Amino acid sequence: MRARAGITLALASACIAGPIWAQMDRSPIPLPRPGTTAPLARVAAVTAEASPTAYFASPLPKPRPKLRSQNGQAAQLSYGKKGSVCGVSDIRGRTISAIRGKAGCGISEPVEITEVAGVRLSTPAIVDCTTAKTLRTWIETGAKPTIGRLGGGLAELQIAASYVCRPRNNQSGAKISEHGKGHAIDISALTLRNGKSLNVLTGWDQRVDGKLLRKLHGTACGPFGTVLGPESDRYHRDHFHFDTARYRAGSYCR
């Protein structure tokens, strides 16, 4: 009887003290086994120096390029100087060795560009800095405002040609093309962020895409010295030809 009374008294005391899980929370943390952790003195020292949140701290991620907004357009990436060329932070690529070509071809200070003003190039383009900067001007003042937020905005330019030593339109006996001087770039399509492609060959005569492509063609006239498209001749039915050649009468656009 005394044993039962003792058990009853113990249970009653436990109920008064609170639920079992509360008592377990207040129980001392068991000491580590010998050899399985650092000495207690060392643990105590580390714990004393650490802040209460030390165990939950994680390395901070590297900051992304900052976003900026222009004229109500979608925010764009702002880049640092590393990886840029031509002294412009958002013309991305690398400087390459001078190109010495025959028959008037070559570029004294060429660059190989891969991205301009946040717009990728489908393949690296070799041009001079004047052409790279002019391409940037057209993207910012012509291409982006024309496309706006359609399909999420402009993502990529499909590059058909940049530097290549050849005569104009590959016609034997013709003058050296501006491509052979690093002054030209050919664009066959523009890709939007949702994956839609504005293709010069297939879209020029379409009602919606054709309207956009004609406007894009027109906005290049001014920044570039020569702008050719599907209606200029049979050699340009599938791409835009932009170059930085200058004429006394102004830009030649067709």
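Here the structure is a predicted model, which is why all the values come from computation and not from measurement. (Residues numbered from 1 in each chain as written. Predicted model: local features only at pLDDT ≥ 70, side-chain atom pairs only at ≥ 80, totals over all residues. Heavy atoms only, no water.)

Asker: In this structure, what is going on with the environment of Gly250? I would like to understand it.
Answerer: Along the chain, the position of Gly250 falls in the loop between β13 (240-243) and β14 (252-253). The exposure class assigned to Gly250 is partly exposed, which follows from its relative accessible area of 31%. (Helix = DSSP H or I, 4+ residues; strand = E, 2+ residues; numbered from the N terminus. Buried < 20%, exposed > 50% of the residue type's maximum accessible area, 1.4 Å probe, protein only.)

Asker: Is there a simple way to explain helix α6 (residues 207-219) in this structure?
Answerer: An α-helical segment advances 3.6 residues per turn. Residues three or four places apart therefore align on the same side. A rise of 1.5 Å per residue sets the reference length of α6, with its 13 residues, at 18 Å; its end C-alpha atoms lie 19 Å apart and thus fit the reference within 8%. Three or more residues of α6 are buried, namely Asp209, Gly210, Leu212, Leu213, Leu216 and His217. Along the axis of α6, the buried positions cluster into a sector of 165°, meaning they face one direction only. In α6, the exposed residues that point more than 90 degrees away from the buried face are Arg207, Lys211 and Lys215. Against α4 (129-147), β10 (184-192), β11 (197-199), α5 (200-203), β12 (226-228) and β13 lie the buried residues of α6. (Expected span 1.5 Å × (residues − 1). Arc of directions from axis to C-beta. Contact = heavy atoms within 4.5 Å.)

Asker: Got a minute to help me understand the packing of aromatic side chains in this structure?
Answerer: To describe a pair of aromatic rings, you give the distance between the ring centres and the angle between the ring planes. Scanning the entire structure with this criterion turns up 4 aromatic pairs. Taken together, a centroid distance of 5.1 Å and an interplanar angle of 65° make the contact between Trp138 and Phe242 edge-to-face. With Trp138 in helix α4 and Phe242 in strand β13, the pair connects residues that are 104 residues apart, well separated along the chain. Centroid distance Trp204 to Phe240: 6.1 Å. Interplanar angle 75°. Geometry classified as edge-to-face. Of this pair, Trp204 sits in the loop between α5 and α6 while Phe240 sits in strand β13, and the two are 36 residues apart along the sequence. Per residue, the accessibility class of Trp204 equals that of Phe240, and both read buried. Among the aromatic residues, ring-to-ring pairing joins Trp138, Trp204, Phe224, Phe240 and Phe242 into one connected group. (Phe/Tyr/Trp six-rings, centres within 6.5 Å; stacked < 30°, edge-to-face > 60°.)

Asker: Just checking my understanding: could you explain the state of the cysteines for this structure?
Answerer: Scanning the model with the defined rule gives 3 disulfides in all. Put simply, Cys105 and Cys165 are joined by a disulfide, and their sulfur atoms are 2.0 Å apart. Measuring handedness by torsion sign, the sulfur bridge of Cys105 and Cys165 sits at about 85° and is right-handed. Linking Cys105 in the loop between β5 (99-100) and β6 (106-107) with Cys165 in the loop between β9 (154-161) and β10, this pair joins segments that are 60 residues apart in sequence. Residue class for Cys105 comes out buried when judged on its relative accessible area of 8%. Note on Cys165: relative accessible area 40%, which makes it partly exposed. Each sulfur of the disulfide joining Cys221 and Cys253 lies 1.7 Å from the other. Residues Cys221 and Cys253 are joined through a disulfide that is right-handed, its torsion about the S-S bond being 95°. You can see Cys221 sitting in the loop between α6 and β12 and its partner Cys253 sitting in strand β14, a full 32 residues away along the chain. (Disulfide = S-S within 2.5 Å.)

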